[in-house]
Amino acid sequence: MDFARAFPAATTLSVPRELLADIRDARVAKLLAGDIDEAEYESDMRAARLSAYRQLADDGLYEPHAIPADFAHGSVLVSTAIVLGLVGGSTSHVSLRAELDLEAPAGLSGAAAPVAGPVRPGRLFDLRAEAHDEEGIDVRPVLAGPASVLRAFAPGIADDAAGQGWVDVLASAYSEVLRLLAADGTVWVQIDERFGEPGEPGDAVGQLAGRVWEIIANLEMDAARPRIFAVGAPHGTAVEAVLVETAEAAEQCGDAKAVLNLGDDPEAATAALISVGAQFRTAVAGTAEEARAAVLRLVMG
């Protein structure tokens, strides 16, 4: 096994809000009120990110790729849209002020797919580099998934020619961003469908997003894309790690690493894993301390 590329035994889906997002919201309010300038904001947020990573590592998430780099100045959805080139025009950089002003546009139901601008993965490179260079921590970048993007930016879209246009644009943008991440040395990326409004099973967005997922999953691992930890991907998507909600679902993941969401009862969740004999192939998700404690229970049996 290549341990440098293995998915961690303990992880969490996002940096806890109190460690980073609450600090960001307070600093954004100060920035918009004119109490601090952009340089002060950026410095404060860099310090907050590094502090959060240190805390999570101290709590047990010390393996490579265990900590998600899900920081965004506003929402992960808008940040992902900027990275994919869906918003921000043809410029290679979207300013902090412009990003804070962006909202998912309404009224695109049935509209043709946008003419995508340049992809902008530089912010993902920077988040990974600062954690590695300053703290020696290998974080994994986080992107909102295609279903989340479609529901935010093309609400009500149908599975028709316009919908297929969105599939083509998103598949191309995700593929290029993933290629550049792999070339930059990213080993794992989290593609997450928890953002935005949930959809109905079998709806058009789910069908369209499923095609995007299939295209990016079929890219060559470690060459054309990093390894993918999928949160909310369609069942059977051929990626390397998948979030599941039950121990029984963990047994149905085939070759993918099953990442169990511990939910509100971590001890019961790990006991269920032990009962089905999944302790040596299943990672866990929850708070850092819960995740590490669960791993220890699994190892001890």
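Before reading further, recall that the structure is shown in the block above.
Quantities reported herein were computed from a predicted structural model and do not represent experimental measurements. (Residues numbered from 1 in each chain as written. Predicted model: local features only at pLDDT ≥ 70, side-chain atom pairs only at ≥ 80, totals over all residues. Heavy atoms only, no water.)

**Details of the pairing of strand 4 (residues 188–192)**
A large share of strand 4 lies buried, amounting to five of its five residues. Residue alternation in strand 4 divides its side chains into two sets, Trp188, Gln190 and Asp192 and Val189 and Ile191, and both sets are buried. Bridge count for strand 3 (residues 140–144) against strand 4 is three bridges, and the pairing is parallel. Looking at strand 4, one finds that Val142 is bridged to Gln190. Two elements, strand 4 and strand 5 (residues 227–231), share five bridges in a ladder whose sense is parallel. Each bridged residue has a counterpart across the sheet, and for Val189 the counterpart in strand 5 is Ile228. (Buried < 20%, exposed > 50% of the residue type's maximum accessible area, 1.4 Å probe, protein only. Helix = DSSP H or I, 4+ residues; strand = E, 2+ residues; numbered from the N terminus. Pairing = 2+ DSSP bridges.)

**Observations regarding helix 10 (residues 266–275)**
Inspection of helix 10 places Pro266, Ala269, Thr270 and Leu273 among the buried residues, and these make up the whole buried set. Down the axis of helix 10, the sector holding all buried residues measures 90°, keeping them to one side. When the buried face of helix 10 is taken as reference, the exposed residues oriented beyond 90 degrees from it are Glu267 and Ser275. Residue Gly277 follows helix 10 closely and has a positive phi angle near 70°. (Arc of directions from axis to C-beta.)

Spatial relationships are all this shows, so hold off on functional conclusions.
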